[in-house]
Amino acid sequence: MAQLRETARRRQAASRLLTPSGLALALICFLFGFLAVSCDTPGGYGRSKQGGTTTYTGLDLATGAQPTVDPAFLAPQPTTRPDLLGWQPAVMLAALALAVAMVAGAGRFRLRRRMVVSSTATALVLLVLGEVTARDALVTQVAEQVARPLPAGREPADYVVVGSGFTIAVTITTIVLVSYVVAHLRRRRRS
């Protein structure tokens, strides 16, 4: 019996360490690419000439900041087209929900688990919703800016790529959420 209590205590301590750490990693992923406009976009896109990639980080999407363009492919100033998407509220709210879950995961209060699960689930939904919304807006901008006819069988959406920052953030968030749900189901089964 004492060994079971010790095992439960260790799992709880690991949970208090892993949840904030995992969610902090998910937040760090906001500094990496969430969306990118491919280098082979006919005629280039925004401030980039053809051959350059335009990358939107999660932070760019959350705040409406300018995306990053390969410096070697910057177009001359008079020929540049807009590449701002504006701030994406769902991405901003996802970051806030992750921060709330991270702080709650480190806490020692009664509703900690519920708060982590609800905040993490909310963040996951908002991340996906924000990415889909931003990608749709980006595809529309690419379609408006394509200067040359597209190659056969290609459409503007083919030039907009989901970034690894988004993929990793969603994966980590999902893992934290699933681990909390599984732990909750195990506790209920034991009681």
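Preceding block: the structure.
Throughout what follows, the structure given in this document is the object of discussion. Note that the structure is predicted; figures quoted are calculated from it, not measured. (Residues numbered from 1 in each chain as written. Predicted model: local features only at pLDDT ≥ 70, side-chain atom pairs only at ≥ 80, totals over all residues. Heavy atoms only, no water.)

**Side note on the overall build of the protein**
Next up, step 1: Per the secondary structure count, the protein includes five helices and four strands.
Next up, step 2: Order of helices (α) and strands (β) in the protein, N terminus to C terminus: α-β-β-α-β-α-α-β-α.
Next up, step 3: Looking at the protein residue by residue over its 191 residues, the buried ones come to 39%.
Next up, step 4: Contacts spanning at least 24 positions in sequence make up 69% of the contacts within the protein whose residues lie at least 6 apart. (Helix = DSSP H or I, 4+ residues; strand = E, 2+ residues; numbered from the N terminus. Buried < 20%, exposed > 50% of the residue type's maximum accessible area, 1.4 Å probe, protein only. Contact = heavy atoms within 4.5 Å.)

**Structural notes on the nonpolar core**
Next up, step 1: In terms of nonpolar packing, the biggest core is built from 39 residues, with Tyr-56, Leu-61, Leu-127 and Leu-138 touching the most fellow members.
Next up, step 2: If you list the elements that add at least two residues to this core, you get α1 (2-28), β1 (33-37), α2 (58-63), α3 (89-106), α4 (112-145) and α5 (164-190).
Next up, step 3: Per-element tally for this core: the top contributor is α4, with nine residues.
Next up, step 4: Sequence-distant contacts of Tyr-56, that is, excluding residues within four places in its chain, are made with Phe-32, Gly-33, Phe-34, Leu-35, Val-37, Tyr-45, Leu-61, Pro-67, Asp-83, Leu-85, Leu-138 and Gln-141. (Core = buried A, V, L, I, M, F, W, Y, C linked by side-chain atoms within 4.5 Å.)

**Looking at the sheet that holds strand β4 (residues 160-162)**
Next up, step 1: The sheet built from four strands is open, its strands ordered β3-β2-β1-β4 with antiparallel pairing. Every other strand in the sheet has two partners, leaving β3 (68-69) and β4 as the edge strands with one partner each.
Next up, step 2: The strands touched by α5 within the sheet are β1 and β4, with β1 carrying the most contacts at an inclination of about 150°. (Pairing = 2+ DSSP bridges. Axes fitted to C-alpha atoms, helices over the stretch in contact; angles between N-to-C directions.)

**Description of the side chain of Ser-48**
Next up, step 1: Secondary-structure assignment places Ser-48 in the loop between β1 and β2 (54-57).
Next up, step 2: Among the polar contacts made by the side chain of Ser-48, one reaches the main-chain carbonyl oxygen of Gly-52 at a distance of 3.3 Å.
Next up, step 3: Residues in contact with Ser-48, not counting those within four places in the same chain, are Gly-43, Thr-53, Thr-54, Val-69, Phe-73, Ala-75 and Arg-81. (Polar contact = N/O pair within 3.5 Å; in protein donor to acceptor, adjacent residues only side chain to side chain.)

**Observations concerning the pairing of β1**
Next up, step 1: Summarising burial for β1: five of the five residues are buried, a large majority.
Next up, step 2: One ladder, built from four bridges, connects β1 with β2; its direction is antiparallel. When the bridges of β2 are listed, Leu-35 appears paired with Tyr-56.
Next up, step 3: Inspection of the sheet shows β1 paired to β4 by three bridges, in the antiparallel sense. Along β4, the bridge assignment pairs Leu-35 with Val-162.

**So, the pattern of salt bridges**
Next up, step 1: This structure, assessed with the given rule, holds three salt bridges.
Next up, step 2: Among the charged side chains, a salt-bridge network with shared partners connects Asp-40, Arg-154 and Asp-158. (Salt bridge = Lys/Arg side-chain N within 4 Å of Asp/Glu carboxyl O.)

**Side note on the pairing of β2**
Next up, step 1: Of the pairings in the sheet, the one linking β2 to β3 comprises two bridges and is antiparallel in character. Each residue of the ladder has a partner; that of Thr-55, found in β3, is Thr-68.

**A few points about the environment of Val-100**
Next up, step 1: Along the chain, the position of Val-100 falls in helix α3.
Next up, step 2: On a C-alpha basis, the gap between Val-100 and Leu-23 in space is 9.6 Å, while along the polypeptide they are 77 residues apart.

**Considering a nonpolar patch on the surface**
Next up, step 1: A cluster of nonpolar side chains, namely Leu-25, Ile-28, Leu-31, Phe-32 and Leu-59, defines an oily patch on the protein surface of about 480 Å² accessible area.
Next up, step 2: When you line up the elements, Leu-59 lands in helix α2. (Patch = residues over 30% accessible without salt bridge, like charges linked within 9 Å, V, L, I, M, F, W, Y side chains within 5 Å. Areas by Shrake-Rupley, 256 points an atom, 1.4 Å probe, with all protein chains shown as cover.)

**What to know about the environment of Gly-105**
Next up, step 1: With respect to the helices, strands and loops of the structure, Gly-105 is situated in helix α3.
Next up, step 2: Taking C-alpha positions, Gly-105 is 9.0 Å from Leu-23, a pair spaced 82 residues apart along the chain.

**Details of α5**
Next up, step 1: For α5, built from 27 residues, the straight-helix expectation of 39 Å at 1.5 Å per residue is met to within 8% by its first-to-last C-alpha distance of 39 Å.
Next up, step 2: All of the buried residues along α5 are Gly-165, Phe-166, Ala-169, Val-170, Ile-172, Thr-173, Val-176, Leu-177 and Tyr-180. (Expected span 1.5 Å × (residues − 1).)

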